[in-house]
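Here is what each chain is made of, one letter per residue.
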Amino acid sequence: MHFTKLGLPTLMSLIWVVGITSSAAQVTRFVSTTGTNDNSAAALSWASSTTNLQGAIDASAPGDQVWVAQGIYKPTALSGPASRTLSFSMKNGVVIYGGFVGNEHDLAQRSPVNLALGHFSSTTLSGDIGVPGSMADNSYHVIDNPVGLTSSAVLDGFVITAGNANGPANTMFRYGGGMYNNGISPGPCNPTVRHCLFTDNRAFYGGGIYNNAGAATLNGTGGSASPTLIDCVFQRNTATQSGGAIGVFSNNRNAISNSTLTRCTFRFNSAVEGGAIYSMADFYGVANPTMVNCIFEDNKASSGGAIMGWTGYKSTGIPRLTNCSFMRNTAAYGGVYNNYVSQGTGSPQFTNCSFQANTGILYNDGYLSVVNPLLVNCVAFKNGAAETFTNLYQATVQLQYSLVDNTVTGYTSVNSLTMVVSPFLNSTSTNLSPCSPAINTGLTSATGLIGVTTDLSGNPRINLEQVDMGAYEASSLSAARQARLYVNASATGTNSGLDWANAFTDLQSALYYPCVADTLEIWVAEGIYKPTTTSSRDISFFLRNNVTIYGGFRGNETALRERPPMDLSRPLNTTLSGDIGLPGITTDNSYHVISNPVGLTTTAVLDGFVVTGGNADDNLLNGTRSQGGGMYNSGQGGDCNPTIRSCVFIGNSASLGGAIYNGGGVNGVSSPTIINCLFLNNSATSYGGAIFNYGYKGVSSPVITNCAFASNTCLSGGAIYNYGEYGISSPLLVNCSFADNLGGIVVSTGYQGVSNTLMGNCLAFNRLVTNGSDFKNSFGSSITAQYSLFSSTMSGYSSGPGNLTTNTTPFVSTTDLRLAPSSLAINSGNPSVVIVRTGLYSLTNVPETDLANQNRIDGDRIDMGAYEYQTAANQTVYSVRNGPWNESLTWSCGCIPTGNQKVQIGHIVTIPAAYKVSILSVRYSLSGAIIFGVSGVLELKEGAPAH
């Protein structure tokens with residue numbers, strides 16, 4: 001909040017506004033706690049000041065001022081016992097200023113009052129007239145304003161405290177502990193209150209202020225009680241029933257309470273109804289308060305933690321709030337409770353308001369009435385999920401150009417957004433984060449912004465061409481766009497995601513990060529990450545265009561090259577797990593660990609993860625919950641073509657596509673690029689134990705390169721099932737290995753469509769009894785193999801050039817799909833194959849490295865299968881953890897490097913005492929080092945230094 005000292009020009013303008021001509025002589029009277037003048041009318045200087053504040057007010061004429069020095073002033077009689085019925089009263093045309101030291105001769109010399117910074121006035125009006133500290137005998141009202149006041153009656157710069165309106169029932173002494181504004185017919189009572197703090201006041205109705213716009217008699221004509229409040233703070237005021245800070249009552253025909261509150265703050269107020277404000281209109285009454293740039297924090301009630309509005313028989317209640325912030329207001333029924341009954345009309349209107357951490361925002365009760373709160377340009381996050389909006393009877397919430405978290409229901413929407421990650425700067429502020437999607441996305445022409453030029457902090461309301469959503473305008477667009485985000489389940493910092501020390505502890509926060517540059521990387525350290533902490537099986541991870549998500553980090557790397565190389569036989573486990581329920585029980589797991597939306601291109605990349613525990617077991621074969629336990633790629637009506645690299649899909653299950661489902665439906669395309677991935681122990685109850693490709697009036701033809709499929713199971717298509725139904729499903733499989741998949745290896749079906757699978761440089765050897773042929777075609781489909789090696793018993797494929805068969809396993813063992821030294825697959829692949837750094841991959845263009853991150857071509861010709869057989873001279877062994885050199889678990893291949901092997905060190909490796917190592921060469925990553933025991937020796941045959 002910002003305040004301006006009132007100098008002579010401002011003062012003269014004020015005098016003109018209240019109707020005092022320039023020829024009238026303005027008189028200032030002075031009040032101090034040390035005054036000695038018994039004649040208040042004659043207190044015309046500090047030296048002749050009086051202690052009698054009310055006397056000075058009464059003696060003043062319109063256009064006069066009363067200056068009150070620092071100190072405490074109480075509304076008691078000059079003589080006789082203190083009476084709880086006595087109060088101060090304001091007067092038309094008289095401006096009462098507090099906060100003076102007692103020696104000023106110009107208004108500009110008064111100490112500034114800045115309530116926003118906690119600079120309260122030094123002048124206090126107190127109702128503590130009896131036993132000090134006891135509320136029981138305090139004044140009923142600190143200030144009691146009479147009928148007939150207009151806005152020319154001004155109170156400026158005071159603390160109003162310790163009023164206690166707990167008087168007898170059906171009397172005014174139960175209303176307005178701090179200030180009672182009597183607008184009973186004919187009224188009005190519309191004073192102006194500026195720069196005042198209302199604190200620790202109590203009442204049955206309206207702890208801080210009560211505005212009474214009722215009628216003197218039943219069915220009479222109501223008056224007006226519409227004060228103007230500017231730069232005021234209400235804190236720790238309480239009401240036994242309604243309106244902890246302010247209570248409003250507008251009853252009977254033409255009764256009006258249209259208060260205007262500007263830059264006011266409400267904190268820690270409480271009541272049964274309306275913790276901060278209670279506004280009631282009944283029997284043709286009108287209560288249309290306007291609040292601009294106001295703050296509501298930590299207020300509490302049973303109904304309406306911040307505000308409750310009750311609009312009764314044929315009455316009107318249309319609160320209008322602009323640039324207001326609501327935080328941590330609590331109630332059993334809504335942060336704002338709107339109760340419209342018996343033909344009450346009008347609905348609250350919120351423009352550019354922000355809500356965070358309230359127990360619900362709107363609780364709308366439209367019994368025999370219609371209540372339709374309208375939120376325009378508003379931002380709400382973490383306000384009770386589905387309890388954010390509650391609608392009873394004829395009630396609904398309308399959002400326009402607003403943003404809420406994705407758990408919110410119960411509203412209609414026009415051009416609004418949903419978010420998972422907070423759009424706010426942090427959990428204790430409603431300022432927008434520098435890259436919030438609320439920036440520059442509001443409705444600039446919103447009716448509630450007419451005449452509003454600043455936001456809640458006093459900055460220009462529109463910073464760029466379009467207004468922001470929420471109470472605060474961001475200083476600039478995309479001020480903190482990040483080229484890289486960090487995720488580490490073990491991080492203990494600020495959870496900002498901007499570096500390893502302050503990494504996000506969950507991957508979803510990074511995926512939903514609202515500020516995405518043209519290219520963005522997400523680095524994820526080892527650990528287990530689940531798509532939700534709830535029991536909702538429908539929540540999944542997802543990929544984003546132009547974002548590469550890298551797993552497998554230790555959590556201290558500064559360059560991508562320092563990431564430990566992926567060895568899929570022993571990956572550094574950055575695991576995406578669908579095991580969100582009871583550990584080890586799959587029936588409550590996520591339907592999809594990853595669910596990718598329509599619109600993804602190959603720029604959406606997942607690299608270096610273990611994907612496990614997805615269970616799409618809904619068993620509705622036409623429903624997404626039955627498809628793709630590990631990953632679901634939706635090409636329904638659009639494209640979904642992500643890139644999947646160096647990932648392990650293990651232990652996922654579904655009805656269709658245990659590990660991955662690619663669905664290109666109704667002219668959509670789902671043809672991901674899958675490179676250097678391992679599919680192990682995935683299962684499907686119907687089709688595609690590992691992968692199901694479905695082209696229904698669309699295309700699903702992924703390119704799968706350097707991938708291994710082992711021990712996947714299904715009734716049909718243990719590894720891969722391709723189904724072209726009125727569409728195309730013709731994948732390309734290059735340098736893939738298949739072992740012990742139950743239910744066949746590849747099955748292709750072209751029902752009224754095309755399914756022609758092409759395999760090159762592939763390798764398959766099945767020891768298991770399968771359901772029919774290992775390769776199966778139907779409805780005119782085909783599987784064509786070139787330069788591939790299969791068991792001699794396999795059939796169902798068309799043989800192109802270069803194919804071989806064998807009766808001997810080409811693999812090292814039943815659990816190791818690398819090539820045995822005597823395998824026919826070595827140097828038997830397509831001689832035209834070349835390696836390329838980036839795709840597009842094809843039968844002749846393959847990646848530079850194989851599934852073990854080794855050189856793809858070792859020798860003059862590529863090998864068949866996912867792994868290239870490495871001669872000792874070309875094999876590089878990587879450290880995968882800290883440990884001794886002579887322990888196999890330290891190394892990527894599970895064997896101790898020696899002889900003509902190359903070694904890359906990315907960990908702390910110890911050469912034990914008296915142990916000699918002889919290798920070809922050694923390279924170090926940033927965090928790699930070798931520690932030598934006594935007499936430990938490292939001999940490098942290429943002559944490179946050891947360290």
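Residues numbered from 1 in each chain as written. Predicted model: local features only at pLDDT ≥ 70, side-chain atom pairs only at ≥ 80, totals over all residues. Heavy atoms only, no water.

## Observations regarding the overall build of the protein
- From N to C terminus, the protein includes three helices and 81 strands.
- In the protein, buried positions account for 58% of the 947 residues.
- A separation of at least 24 residues holds for 73% of the contacts in the protein among residues at least 6 apart in sequence.
- A distance of 2 Å separates the average location of the 42 positive side-chain charges in the protein from that of its 50 negative side-chain charges. (Helix = DSSP H or I, 4+ residues; strand = E, 2+ residues; numbered from the N terminus. Buried < 20%, exposed > 50% of the residue type's maximum accessible area, 1.4 Å probe, protein only. Contact = heavy atoms within 4.5 Å. Lys, Arg positive; Asp, Glu negative; His and termini not counted. Charge placed at Lys NZ, Arg CZ, Asp CG, Glu CD.)

## Considerations on the side chain of Thr124
- Following the sequence through the fold, Thr124 ends up in strand S5 (residues 123–126).
- By relative accessible area, Thr124 is classed as buried at 16%.
- Not counting residues within four places of it along the chain, the set of residues in contact with Thr124 comprises Gly71, Ile72, Tyr73, Val159 and Thr161.

## Re the sheet that holds strand S9 (residues 164–165)
- Spatially, S9-S13-S17 is the arrangement adopted by the three strands of the open sheet, whose pairing is parallel. Every other strand in the sheet has two partners, leaving S9 and strand S17 (238–242) as the edge strands with one partner each.
- In this structure, S9 lies alongside strand S13 (residues 202–205), joined through two bridges in parallel fashion. Considered in S13, the bridge of Ala165 is made with Ala203. (Pairing = 2+ DSSP bridges.)

## Let's talk about the sheet that holds strand S60 (residues 713–716)
- Spatially, the four strands line up as an open sheet ordered S48-S52-S56-S60, and their pairing is parallel. Two strands bound the open sheet, and with one partner strand each, they are strand S48 (615–616) and S60.
- Across three bridges, strand S52 (residues 653–656) lies against strand S56 (residues 683–687) in parallel orientation. Paired with Ala654 across the bridge in S56 is Ala684.

## Let's talk about the packing of aromatic side chains
- If you walk through the whole model with that rule in mind, you get 44 aromatic pairs.
- On the basis of an interplanar angle of 75° and a centroid distance of 6.1 Å, the ring pair of Phe389 and Tyr411 is categorised as edge-to-face. Note that Phe389 is positioned in strand S33 (residues 389–395) and Tyr411 in strand S36 (residues 411–414), a separation of 22 residues in sequence.
- Using a relative accessible area of 24% as the deciding quantity, one classes Tyr411 as partly exposed.
- The ring of Phe204 has Arg174 lying over it, and the distance from NZ or CZ to the ring centre is 4.0 Å. (Phe/Tyr/Trp six-rings, centres within 6.5 Å; stacked < 30°, edge-to-face > 60°. Lys NZ or Arg CZ within 6 Å of the ring centre and 35° of its normal.)

## Brief notes about a nonpolar patch on the surface
- There is a patch of nonpolar side chains on the surface, built from Tyr367, Leu368 and Tyr393 and spanning about 360 Å² of accessible area.
- When you line up the elements, Tyr393 lands in strand S33.
- Of the residues examined, Tyr393 reaches a relative accessible area of 57% and is grouped as exposed. (Patch = residues over 30% accessible without salt bridge, like charges linked within 9 Å, V, L, I, M, F, W, Y side chains within 5 Å. Areas by Shrake-Rupley, 256 points an atom, 1.4 Å probe, with all protein chains shown as cover. Salt bridge = Lys/Arg side-chain N within 4 Å of Asp/Glu carboxyl O.)

## With respect to the environment of Lys697
- Its place among the elements puts Lys697 in the loop between strand S57 (691–696) and strand S58 (703–705).
- On the accessibility criterion, Lys697 (39% relative accessible area) is partly exposed.
- Apart from the residues within four sequence positions on either side, Lys697 is in contact with Gly665, Val666, Asn667, Gly668, Glu725, Tyr726 and Gly727.

## Side note on the pairing of strand S64 (residues 746–749)
- Alternating residues of S64 divide into Val746 and Ser748 and Val747 and Thr749, and every residue in both groups is buried.
- Pairing between strand S61 (residues 720–725) and S64: four bridges, direction parallel. Bridge pairing in S64 places Tyr723 opposite Thr749.
- Here four bridges tie S64 to strand S67 (residues 775–778), and the two strands are oriented parallel to one another. Its bridge partner being in S67, Thr749 is matched across the sheet by Ser778.

## Examining the nonpolar core
- Counting residues in each nonpolar core, the largest one holds 67 residues, and the members touching the most others are Ile96, Ile246, Phe266, Phe296, Phe326 and Phe350.
- Not counting residues up to four positions away in its chain, the partners in contact with Ile96 are Leu53, Ile57, Val66, Val68, Met90, Val154, Leu155, Asp156 and Phe158.
- One finds Tyr486, Val547, Phe649 and Ala719 within the second-largest nonpolar core, a separate group that totals 64 residues. (Core = buried A, V, L, I, M, F, W, Y, C linked by side-chain atoms within 4.5 Å.)

## Some points on the environment of Ala438
- Structurally, Ala438 can be placed in the loop between strand S39 (429–432) and strand S40 (482–487).
- Overall, the relative accessible area of 0% leaves Ala438 in the buried class.
- It is 34 Å that separates the C-alpha atoms of Ala438 and Val272, two residues lying 166 residues apart in sequence.
- Dropping the residues within four chain positions of it, Ala438 is found in contact with Val379, Leu403, Leu432, Asp468 and Met469.

## Some points on the confidence of the model for the protein
- Chain-level pLDDT for the protein is 88 on average; 92% of the residues reach the 70-or-more range.
- This stretch, residues 1–23, has a pLDDT under 50; its non-local contacts, to residues over four places away or in other chains, come to 34 contacts. (pLDDT = per-residue confidence, 0-100.)

## Concerning the pattern of salt bridges
- Under the defined criterion, the tally for this structure stands at 21 salt bridges.
- Salt-bridge contacts for Arg263 lead to Asp231; the nearest nitrogen and oxygen are separated by 2.6 Å. One end of the pair, Arg263, is in the loop between strand S19 (260–262) and strand S20 (265–267); the other, Asp231, is in the loop between strand S15 (228–230) and strand S16 (233–235), with 32 residues separating them in the sequence.
- Given the relative accessible area of 25%, Arg263 is considered partly exposed.
- Where Glu557 meets Arg554, a salt bridge forms, and the shortest distance between an N and an O atom there is 3.8 Å. Arg554 carries the same exposure label as Glu557, and that label is buried.
- In this structure, a network of salt bridges that share partners links the residues Arg267, Glu297, Asp298 and Arg328.

## Digging into the environment of Leu498
- By the secondary structure assignment, Leu498 is in the loop between S40 and helix H3 (507–511).
- The exposure class of Leu498 is partly exposed, given its relative accessible area of 37%.
- Between the C-alpha atoms of Leu498 and Ala510, which are twelve residues apart in sequence, the distance is 9.9 Å.
- Those residues in contact with Leu498 that lie beyond four places of it in its chain are Gln482, Leu485, Tyr486 and Tyr513.

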